[in-house]
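Overview (structure and organization)
Listed below, chain by chain, are the residues.
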Amino acid sequence: MQSFNLRSILRPHILSLTPYSSARDEYTGTIGVFLDANENPYGSVVASVVRHSERSDDSDYNRYPDPHQWAIKERLAPIKGVRKSQIFLGNGSDEPIDLLVRATCVPGQDTILIMPPTYGMYEVSAAINDVPIIKVPLMSDFQVDTSAVLAAITDKTKLIWLCSPNNPSGNLLQRDAIRSILEAADHSLVIVDEAYIDFADTSSWTTELDTYPNLVVLQTFSKAWGLAALRLGMCFASEELIQVLNKIKPPYNISAPTQQLALKALAHEAGKNEMVAQILEQRRQLVEKLRSLPAVRAIHPSDANFLLVQFDKAKDVFEHLIEQQVIVRDRSKVILCDDCLRISVGTSAENERLLNVLQNMSSVPVTGELPLATGEAASKPELVSNA
Ligand SMILES: *Cc1c(COP(=O)(O)O)cnc(C)c1O
């Protein structure tokens, strides 16, 4: 990776950009009379209406938050085995996804490479920025077609998106494939989105950050940590790239309540691990029970907190579930996902509900004359749902 030069892949105007300098950038002390940021000196409306007993010590929201979230990074760095300077925090993973496109891709000219079926935001962020998308589909086992990817990379390819464990298929991508891409793509950033890494039995690519200057790893508080509502995404990369992201982010991109709650969460990592263990046990049970349902054709192996399940007639199953107020994700129109629904692993009670509804669909004739109890029946073309 000697030849990788971040400066050469950044958009020229980003290199020379003078970032906004906030009041909290220019003076970083915490003690003093703060008359520098036009804040309300009396406190927040929230502080005066929320009863004192409901308030935490840190709920005076009249002050702007730390633009660099150092308290979180201080706790996060040892947990992730990285340096604080290798961490960027964003408003969800959405923010680093967008910033990476904007930092590197000249609209209408540079390209990103994705491997469908995968997470939709890579494509959307590129499209918003008018950046063309190169698609190299995964193979039928949802693994990377390494030689096709290497052949598709051009000198315009600035970002290569890998999602491991992949959404919607659920599997980890093979390390050798990712390594080959990291080693060959010395004029691109290679992003490994590890939103589901806590559910996988493997180490994170963050351990390789010092080996590969072109490696970017994304993680999130939205899944295993149970904090989707906070909107807090993590991006790990070289210090040089993190500095660029800091330069182009909105100055106060992480709110004070989010920072406070994230700190509380990080102090209780064991709580996250316990929930992950429960979810993995629920996943195991769900796989076992889904397997016995006649309408289920295949359950793709999952390293995540969801299952990609192929049904005899996904559309009918999906609609039947909706009627019974069980909501899953219809992925049946997605490449390599024919007749597949993506089902999040729920609580024991939620999974039981799902299984009951599926069971009833299989055993009760929907129209009164077309029993669905066997694969043979389900394959009849005239199948109609109650809708
Ligand atoms: C859920 C998910 C995320 C998380 O996005 P946030 O914006 O952090 O909530 C990121 N990547 C993938 C592949 C996901 O499925």
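All residue numbers refer to positions counted from 1 along the written sequence of the respective chain. Local features in this predicted model are restricted to residues whose pLDDT is 70 or higher, and side-chain atom pairs enter the listing and the counts only when it is 80 or higher, whereas totals over whole chains, interfaces and linings include all residues. Side-chain figures throughout are based on the complete set of non-hydrogen atoms in the structure, without hydrogens or water.

**Examining the UniProt feature "modified residue: N6-(pyridoxal phosphate)lysine" (unreviewed entry) in the protein chain**
The positions that UniProt labels "modified residue: N6-(pyridoxal phosphate)lysine" (unreviewed entry) are, in the present scheme, K223. Only protein chains enter the accessibility calculation, which uses a 1.4 Å probe; a residue is then buried when its area is under 20% of its type maximum, exposed when over 50%, and partly exposed in between. Given a relative accessible area of 29%, K223 falls into the partly exposed group. When near neighbours in sequence (up to four residues on either side) are disregarded, K223 contacts A195, Y196 and F199. UniProt positions are given in the numbering used here, feature names are shortened, and annotations may be inferred rather than shown by experiment. Residue contacts follow a heavy-atom distance rule, with two residues in contact if any of their heavy atoms lie within 4.5 Å.

**Things to note about helix 10 (residues 239–248)**
Elements are defined by DSSP. Helices are runs of H or I of four residues or more, strands are runs of E of two residues or more, and each kind is numbered from the N terminus. Inspection of helix 10 places L241, I242, V244, L245 and I248 among the buried residues, and these make up the whole buried set. Buried residues along helix 10 cover an arc of 155 degrees about the axis, so they all sit on one side. Summarising the geometry, the arc corresponds to the directions from the helix axis toward the C-beta atoms.

**As for the packing of aromatic side chains**
For this analysis, a ring pair means two rings from Phe, Tyr or Trp (six-membered ring only for Trp) whose centres lie within 6.5 Å, classed as stacked if their planes differ by under 30 degrees, edge-to-face if by over 60, and tilted for the remaining angles. If you walk through the whole model with that rule in mind, you get 6 aromatic pairs. Ring geometry for Y119 against Y122: centres 5.5 Å apart, planes inclined by 75 degrees, an arrangement best described as edge-to-face. Given the relative accessible area of 0%, Y122 is considered buried. Of the aromatic side chains, those joined through ring pairs into one cluster are Y119, Y122 and W161. Over a ring means this: the NZ of a Lys or the CZ of an Arg is within 6 Å of the ring centre and within 35 degrees of the ring normal. Against the face of W70 rests K73, its NZ or CZ located 4.9 Å from the ring centre. One residue, R342, lies across the ring of F306, its end atom 5.6 Å from the ring centre.

**Topic: the packing of helix 6 (residues 94–104) against helix 10**
In this description, a line fitted to the C-alpha atoms serves as the axis of each element, helices being fitted only across the stretch in contact, and the angle between N-to-C directions of two axes falls anywhere from 0 to 180 degrees. One way to put it is that helix 6 packs onto helix 10 with a least axis distance of 10 Å and a crossing angle of 100 degrees. What the angle tells us is that helix 6 and helix 10 run roughly perpendicular. Taking contact as the criterion, the partners of L99, L100 and A103 in helix 6 are, on helix 10, L241, V244, L245 and I248. Under this grouping Gly is polar, as are all residues other than the nonpolar Ala, Val, Leu, Ile, Met, Phe, Trp, Tyr, Cys and Pro and the charged Asp, Glu, Lys and Arg. Class assignment for the residues of the contact of helix 6 with helix 10 results in 7 nonpolar, no polar and no charged. Throughout this description, any angle smaller than 35 degrees is read as roughly parallel, any larger than 145 degrees as roughly antiparallel, any in the 65 to 115 degree range as roughly perpendicular, and the remainder as oblique.

**Topic: the site of the ligand**
Around the ligand, the structure places 14 residues, and the nearest of them are D193, Y196, S222, K223 and R231. Between the ligand and S93, the relevant distance is 2.7 Å, taken from an oxygen atom to a side-chain nitrogen or oxygen of the residue. We call two N or O atoms a polar contact when they sit within 3.5 Å, provided that within protein one can donate a hydrogen and the other can accept it, with sequence-adjacent residues counted only if both atoms are side-chain atoms. Between T220 and the ligand, the recorded distance is 2.6 Å, taken from a side-chain N or O atom to an oxygen atom. Look at the ligand: alone it shows 390 Å² of surface, and the protein chains cover 94% of it. Any residue with a heavy atom positioned within 4 Å of a molecule or strand is treated as near that molecule or strand. Computed with the Shrake-Rupley method and a 1.4 Å probe, the accessible areas treat only the protein chains shown as cover for residues.

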